[in-house]
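Here are the chains, one letter per residue:
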Amino acid sequence: MGRQASYERDEVVSKAQALFWAKGYRATSLKDLETALNLRPGSIYAAFGSKEALFAEALRRYAGQSRDQVRQSLKAAKSPLAGLAAHVRALGCVRPEAAPSRACMLVKTLLETPDDDPVLRPQTEEMMQGMEAEFAAAFAAARAAGELPDSADPERLARRLQAEIFGLRAYAQRSDAQGKVAELAEDIARDLEALTPRNGDAASV
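Structure report, in brief. (Residues numbered from 1 in each chain as written. Predicted model: local features only at pLDDT ≥ 70, side-chain atom pairs only at ≥ 80, totals over all residues. Heavy atoms only, no water.)

## As for the packing of aromatic side chains
- All told, the structure shown has 4 aromatic pairs when counted by the stated rule.
- Centroid distance Trp21 to Tyr62: 4.9 Å. Interplanar angle 75 degrees. Geometry classified as edge-to-face. Of this pair, Trp21 sits in helix α1 (residues 2-23) while Tyr62 sits in helix α4 (residues 51-76); the two residues are 41 residues apart in sequence, bridging distant segments of the chain. The same class applies to Trp21 as to Tyr62, namely buried.
- Its guanidinium or amino end placed over the ring of Tyr25, Lys51 lies 4.4 Å from that ring's centre, counting from NZ or CZ. (Phe/Tyr/Trp six-rings, centres within 6.5 Å; stacked < 30°, edge-to-face > 60°. Helix = DSSP H or I, 4+ residues; strand = E, 2+ residues; numbered from the N terminus. Buried < 20%, exposed > 50% of the residue type's maximum accessible area, 1.4 Å probe, protein only. Lys NZ or Arg CZ within 6 Å of the ring centre and 35° of its normal.)

Rendered as C-alpha cells:
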C-alpha cells in the first residue's frame, strides 16, 4: 500500500512539474492543477499542504533530473571536460516539443520570484548552487587529470559555465531560436574543450 501511494505521489508530482514548467508558478492556478492532476478540490492541500509546497517538490524533482543528466554525461565521456562539453551539446539538441518549455525551469522560477520571497527564492538559489557545485567538481577533476592548468579555478569556471547554460536555456524561449540554440551550444562546448593547454601552454584559466 505504501509503494502504491508513493507511486501515485510521484506521478502527481511529475504532472505538476510539467504544468509548472510550462506556465510558471504564479500563472498556474489551483484549478489548473486540479484539472491536470485529476484531483478533487482540496486534495492538493491534503496531500502537499499548499500549492507552494507542491511546486517546491516539483522543482526539486526537476533539479534532480538536471543533476543526473550532468552525471550521466560525465560518466559516459572519456574525460571531465569532454563530459561537460557533451552535456552542453545535449542541451542544444533538445527538441522544442520534447519538454513543456524551451527555457530552464530553474531560470524561469528565478526570474519570476522576488528577491524577498522567503521560501521559493532561497530554494531555487540553493538548487542552482547545487548544479554549480557539480560543475565545479568536474572542473576540479579535469585539473587533477591535467586537462586544465594548475592555476585554473574550478569554482570560477563553474560559475561561468552555469551563466552560459542559463543564458542558453533562456535564449531558447525566443520564438525564433530554433536552429540557433544548437549553434550556441556548440560554441560553448568548443570553448570548454579549448581550455586544455596545448603545446606546453599553461596560461591561467
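That covers the picture; the talk isn't over yet.
## Notes on the environment of Gly146
- Secondary-structure assignment places Gly146 in the loop between α7 (120-144) and α8 (154-171).
- By relative accessible area, Gly146 is classed as partly exposed at 47%.
- The spacing of Gly146 and Leu157 is 11 residues in sequence and 15 Å in space, taken between C-alpha atoms.

## Some points on the packing of α4 against helix α6 (residues 105-112)
- Across the interface, α4 lies against α6 with an axial gap of 10 Å and an inter-helix angle of 140 degrees. With respect to α6, the element α4 is oriented oblique. Every residue of α6 that contacts α4 at Phe55, Ala58, Leu59 and Tyr62 is listed here: Met105, Leu106 and Thr109.
- Split by residue class, the contact of α4 with α6 holds 6 nonpolar, 1 polar and no charged. (Axes fitted to C-alpha atoms, helices over the stretch in contact; angles between N-to-C directions. Parallel < 35°, antiparallel > 145°, perpendicular 65-115°, else oblique. Contact = heavy atoms within 4.5 Å. Nonpolar A, V, L, I, M, F, W, Y, C, P; charged D, E, K, R; others polar.)

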